[in-house]
Amino acid sequence: MKINKELPEDVEKAIRNAVSNFSSSEKREYFNWYKDSYLEVMNRLANSGIPEQDANAIARRLKAMYGANYPKQLATVNDEIADYKNLVQRIKDEQKAVAEKAEAENTKSKAEIREMLANTDINSRDLENIELNAQKAYPDNYSLQKAYIKGSIQTYLELKQLIKK
């Protein structure tokens, strides 16, 4: 977010309108206060490390809450920035926890697949085909591969029993 020391036309108009009820001596003082507050809000948003699109969303939300009361926006902008950063951190933490849980489940299932394959009476060529089909059907998802292999082994053994009869 690029900061311009000049006020946008709509902001200047809003400030002039906001300070219009003050006496002439107070108008300039309040105008400068509002102007400085606006520029500081924009500066804090620009230097917050927040993506520009999200910083603009915060600026729009502040405008919706406080209109042209830029001193009030300035008093609130740090809280808005902190809330945004906390939300982003909570999302990252939740995504990390979900990924870690999935990785742990995958690791467990991978070990169970090895054990299942080692403890069956199916010939190695057929067993290898079952495992390859599971990997093709569910790449990188060992939980689903395990279920596929378990079902295939069970079906294979049942068919083998039927053929023997």
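My aim in this report is to walk through the structure given alongside it, one point at a time. Here the structure is a predicted model, which means the values were calculated and not measured. (Residues numbered from 1 in each chain as written. Predicted model: local features only at pLDDT ≥ 70, side-chain atom pairs only at ≥ 80, totals over all residues. Heavy atoms only, no water.)

Okay, the packing of helix α1 (residues 9-18) against helix α2 (residues 24-46) next. The geometry of α1 relative to α2 is characterised by a closest axis approach of 9 Å and an angle of 140° between their N-to-C directions. Relative to α2, the element α1 is oriented oblique. Two packed elements cross with a definite hand, and for α1 against α2 that hand is right-handed. For the pair α1 and α2, contact is made by Val-11, Glu-12, Ile-15, Arg-16 and Ala-18 and by Phe-31, Tyr-34, Lys-35 and Tyr-38, respectively. (Axes fitted to C-alpha atoms, helices over the stretch in contact; angles between N-to-C directions. Helix = DSSP H or I, 4+ residues; strand = E, 2+ residues; numbered from the N terminus. Parallel < 35°, antiparallel > 145°, perpendicular 65-115°, else oblique. Left-handed = near helix turned anticlockwise from the far one by under 90°. Contact = heavy atoms within 4.5 Å.)

For the coordinates displayed, the defined rule picks out 7 salt bridges. The salt bridge partner of Lys-63 is Asp-10, with a shortest N-O separation of 4.0 Å. Remark: Asp-10 occurs in helix α1 and Lys-63 occurs in helix α3 (residues 52-66); sequence separation between them is 53 residues. Judged by relative accessible area, Asp-10 falls into the partly exposed class, the value being 48%. We note a salt bridge from Glu-112 to Lys-146, for which the minimum N-O separation is 2.6 Å. Residue Glu-112 is found in helix α4 (residues 70-118), and its partner Lys-146 is found in helix α6 (residues 142-164); the two are separated by 34 residues along the sequence. (Salt bridge = Lys/Arg side-chain N within 4 Å of Asp/Glu carboxyl O. Buried < 20%, exposed > 50% of the residue type's maximum accessible area, 1.4 Å probe, protein only.)

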